[in-house]
Amino acid sequence: MNNEQNKYDKSFEQCVKCTICTVYCPVAAVNAEYPGPKQAGPDGERYRLKNRSFYDDSLDYCLNCKRCEVACPSNVKIGDIILSARLKYSRKQPKLRDKMLANTDFMGSLATTFAPLVNSTLRLEPVKRIMDKTLAIDHHRTFPAYSGQKFESWFRKTARKQQTAYDRCVSYFHGCYVNYNYPKQGQDFVKVMNAIGYGVQLLEKERCCGVALISNRMEAQARKQAEINMASIRAAVQADMPVLTTSSTCTFTMRDEYPHILQVDNADVREKIMLATKFIFELVDSGKVKLAFREDYRKRIAYHTPCHMEKLGWSIYSTSLLRMIPGVDFVMLDSQCCGIAGTYGFKSENYAYSQKIGEPLFNQIKSTEVDMVATDCETCKWQIEMSTGVVVENPISILADALDVEQTRKLNNINI
């Protein structure tokens, strides 16, 4: 692990100063205060290693979208360098706002208990103005609604018992959004997996993947939660269950940022952590699973590639599954950052930049005249729905809606 971490710490030495990362940076294009990834990353790291006083708070404008890393011809871990510098050198302490936005399990548990009241209160303009003035959460931002029932509660009451009837099982890392905001996405996942002959189990213990904690400089808490997740993931893998997710950001965080940013080793199980769409596509592509679809399903659907999905290189799996649905008129959107970057776009000092970054994507979506947008990132969903008015769904939910469950079970000889 130490050798691996050292490799990433020193990757700035491979920078050839071509500046292609700056060309692809969505922040540099809209914010003159941000020096760009080359200067903020490899160039700045040389100075910071000599004297930490060279750290510049303008690094806080970085989205951690990783598009600079995708573009880099020399494989410099530019985003990791910037993020690590923020954790190591910044003297800023997380504000109350940052702690509230980053502690998704704590806030989600409170909000679901009083979901109707919380949802109606957060929609009130006076409340949003007060939050802007006191917490610097921008009043233009729309909060995602909370569910009155957690996904974990639904699973225990409704689905858990029947999962033991399946010979093959997967473990599901559902994430905060599914648990507290949109349990239906988790229910759709269970529906699809059961239709193709797989039972679903939840991890023994699951905590937020930690991406919001990392971006808000709460490294110690993020590491603690990562270690809890990794212990549960290892137990699932030892029980011969791959760990599937329906969030590209959760997947990326656990696979890449745990070792690179938090120094939490995952080498023994990393390849067993994957998006559900990748797992399902590979089963279909190998001929091990067959899918049947409803004849009456007709939708014009555009796909948005989330930034972390771009870094993973896995959008091909989600888009290929969507293209398999006979009734889908598929539109592939240009790969562009939506601008929200998790908690980034909620903050008053970032909101205008967030919207400016996403504007080309919003305009593209509006011009396509689609019924819905598909994406594998929940915060992209919030941003696109708020900024375009177009419904956004996860590919798994679209698959669940389009699937002819009974015929799929027959094709796969599932008699449970």
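Bear in mind that the values here come from a model prediction, so they are computed numbers and not experimental data.

Visitor: Which parts of the structure should I look at to understand the sheet that holds strand 8 (residues 392-393)?
Guide: In a beta sheet, neighbouring strands are held together by backbone hydrogen bonds and run either parallel or antiparallel to one another. With parallel pairing, the four strands of this open sheet are ordered in space as 6-5-7-8. Sheet topology places strand 6 (328-332) and strand 8 at the edges, where each strand pairs with a single neighbour. Sheet analysis places strand 5 (residues 299-303) next to strand 6, joined by five bridges and oriented parallel. What sits directly across from arginine 300, in strand 6, is aspartate 329.

Visitor: What exactly am I supposed to notice about helix 8 (residues 115-122) here?
Guide: Of the residues making up helix 8, those classed as buried are Ala115, Asn119 and Leu122. Relative to the axis of helix 8, the buried residues are bounded by an arc of 75 degrees and lie together on one face. Away from the buried face of helix 8 by more than 90 degrees, exposed residues Pro116 and Leu117 are located. Buried residues along helix 8 sit against helix 7 (104-113) and helix 9 (125-135).

Visitor: Is there a simple way to explain the pairing of strand 5 in this structure?
Guide: Looking down a regular strand, the side chains alternate between one sheet face and the other. Examined bridge by bridge, strand 5 and strand 7 (residues 372-374) share three bridges and lie parallel to one another. Its bridge partner lying in strand 7, isoleucine 301 is registered against methionine 372.

Visitor: Sorry, what's going on with the sheet that holds strand 3 (residues 243-245) here?
Guide: Taken in spatial order, the four strands line up as 2-1-3-4 in an open sheet, and their pairing is parallel. The two strands at the open ends of the sheet, each matched to only one other strand, are strand 2 (198-202) and strand 4 (273-275). Direction aside, neighbouring strands of the sheet carry axes that sit 40 degrees apart on average. With three bridges connecting them, strand 3 and strand 4 associate as parallel partners. The residue bridging valine 243 from the neighbouring strand is isoleucine 273, located in strand 4.

Visitor: Please clarify how the nonpolar core should be interpreted in this entry.
Guide: In a soluble, globular protein the nonpolar side chains are often hidden away together inside. With 77 residues, the main nonpolar core has Phe189, Met193, Ile280, Leu291 and Ile325 as its most contacted residues. The element that contributes the greatest number of residues to this core is helix 16 (residues 276-285), accounting for six residues. In this view, isoleucine 280 contacts Val192, Met193, Ile196, Leu321, Ile396 and Leu399; residues no more than four positions away in its chain are not counted.

Visitor: In this structure, what is going on with the pattern of salt bridges? I would like to understand it.
Guide: Pairing between side chains of opposite charge can happen when their charged atoms approach one another. Considering all chains together, one arrives at 26 salt bridges under this definition. Between arginine 86 and aspartate 60 there is a salt bridge, with its nearest N and O atoms 3.8 Å apart. Here arginine 86 is found in helix 5 (residues 78-89), whereas its partner aspartate 60 is found in the loop between helix 3 (37-50) and helix 4 (67-71), with 26 residues between them in sequence. Both residues of the pair, arginine 86 and aspartate 60, count as buried. Of the charged contacts, one joins aspartate 268 and arginine 234 as a salt bridge, the two residues approaching to 2.8 Å between their closest N and O atoms. Within this pair, whereas aspartate 268 is found in the loop between helix 15 (248-260) and strand 4, its partner arginine 234 is found in helix 14 (residues 219-238), the two being separated by 34 residues in sequence. Overall, arginine 234 belongs to the partly exposed group, its relative accessible area being 24%. Several salt bridges share partner residues, and in doing so they unite Lys66, Glu69, Asp80, Glu257 and Lys311 into one network.

Visitor: Even after reading the chapter, I still don't get helix 9, so can you show me in this structure?
Guide: Count 3.6 residues to each turn of an α-helix, and residues three or four apart come out pointing the same way. Restricting attention to buried positions, one finds in helix 9 the residues Lys128, Met131, Asp132 and Leu135. Mapping the buried residues of helix 9 onto a view down its axis gives an arc of 110 degrees, with all of them on the same face. Opposite the buried face of helix 9, at more than 90 degrees from it, the exposed residues are Pro126, Ile130, Lys133 and Thr134. Those residues of helix 9 hidden inside the fold are in contact with helix 6 (96-102), helix 8 and helix 19 (348-368).

Reading guide: rules and limits
- Residues numbered from 1 in each chain as written.
- Predicted model: local features only at pLDDT ≥ 70, side-chain atom pairs only at ≥ 80, totals over all residues.
- Heavy atoms only, no water.
- Pairing = 2+ DSSP bridges.
- Helix = DSSP H or I, 4+ residues; strand = E, 2+ residues; numbered from the N terminus.
- Buried < 20%, exposed > 50% of the residue type's maximum accessible area, 1.4 Å probe, protein only.
- Arc of directions from axis to C-beta.
- Contact = heavy atoms within 4.5 Å.
- Axes fitted to C-alpha atoms, helices over the stretch in contact; angles between N-to-C directions.
- Core = buried A, V, L, I, M, F, W, Y, C linked by side-chain atoms within 4.5 Å.
- Salt bridge = Lys/Arg side-chain N within 4 Å of Asp/Glu carboxyl O.

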